[in-house]
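Survey of secondary and tertiary structure
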Amino acid sequence: DIAPQVFKKQFLSTFSHDMYLPPASGEDMKTILATLEEQYTTRLNPPIRQALLDLTDGYVQYLQLALLRLREETRPPTTREQLFAMLLADEQIALQSEELFESLTKPEKDTLILLSKRDSINAELREKAAYLWNTGMVADSKRETHIFSPLFAAYVAKAAAAPVSATARALPAPPAG
């Protein structure tokens, strides 16, 4: 307890509330990219620059990893499709995606998998996975609910399509309760 003679545990909720850090805004990402380009002495042509911003969609770690990967390329991609394919094949991007996914709870993972399959999310699951919306990992647009970054969405789709291993199937179910 924090100084129990002064603060009782039930009073702390009055002074605290959850705060979430959403993905960076488009303008912030442009500023960060310009800073990283200067730091890494790299210049991207405008279409690739915009594609990079679209594919990383506010996630600074993806942006930095992607720029480092582009810097290593002797023949950099010239189209959005080439850039996307290159980044999906990059081990650091894959590891970052895995880290993001594995940090989530089962209901949050289930929600992402349902979204990747374009299935609907019921109110109960949405409530259990509220963290995804609160952090901006999932957003509602006028047309649909979507995963924030095409790179992460591709990772989730791949995870959703992966067969369950024999080892995982053989594991006993966790005890109820």
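Okay, so let's go over this structure.

The rules we used
- Residues numbered from 1 in each chain as written.
- Predicted model: local features only at pLDDT ≥ 70, side-chain atom pairs only at ≥ 80, totals over all residues.
- Heavy atoms only, no water.
- Helix = DSSP H or I, 4+ residues; strand = E, 2+ residues; numbered from the N terminus.
- Buried < 20%, exposed > 50% of the residue type's maximum accessible area, 1.4 Å probe, protein only.
- Areas by Shrake-Rupley, 256 points an atom, 1.4 Å probe, with all protein chains shown as cover.
- Lys, Arg positive; Asp, Glu negative; His and termini not counted.
- Salt bridge = Lys/Arg side-chain N within 4 Å of Asp/Glu carboxyl O.
- Contact = heavy atoms within 4.5 Å.

Observations regarding the overall build of the chain
- If you tally the helices and strands in the chain, you get eleven helices and two strands.
- For the chain, the N- to C-terminal ordering of α and β elements is α-α-α-α-α-α-α-α-α-β-β-α-α.
- Taken over 177 residues, the chain has a buried fraction of 30%.
- Here the chain displays about 11900 Å² of accessible surface, and carbon together with sulfur accounts for 55% of that area.

So, the side chain of E108
- Relative to the helices and strands, E108 resides in helix α7 (residues 106–116).
- Here E108 is buried and forms no salt bridge, its nearest opposite-charge partner K109 lying at an N-O distance of 8.4 Å.
- If near-sequence neighbours (up to four positions away) are discounted, E108 is found in contact with K128, A129, Y131 and L132.

Some points on unusual backbone geometry
- Unusually for a residue other than glycine, T41 sits at a positive phi of about 45°.
- Among the secondary structure elements, T41 is positioned in the loop between α2 (26–39) and α3 (46–56).
- Its identity is not glycine, yet D57 carries a phi of approximately 40°, on the positive side.
- Relative to the assigned elements, D57 resides in the loop between α3 and α4 (60–72).
- Note on D57: relative accessible area 33%, which makes it partly exposed.

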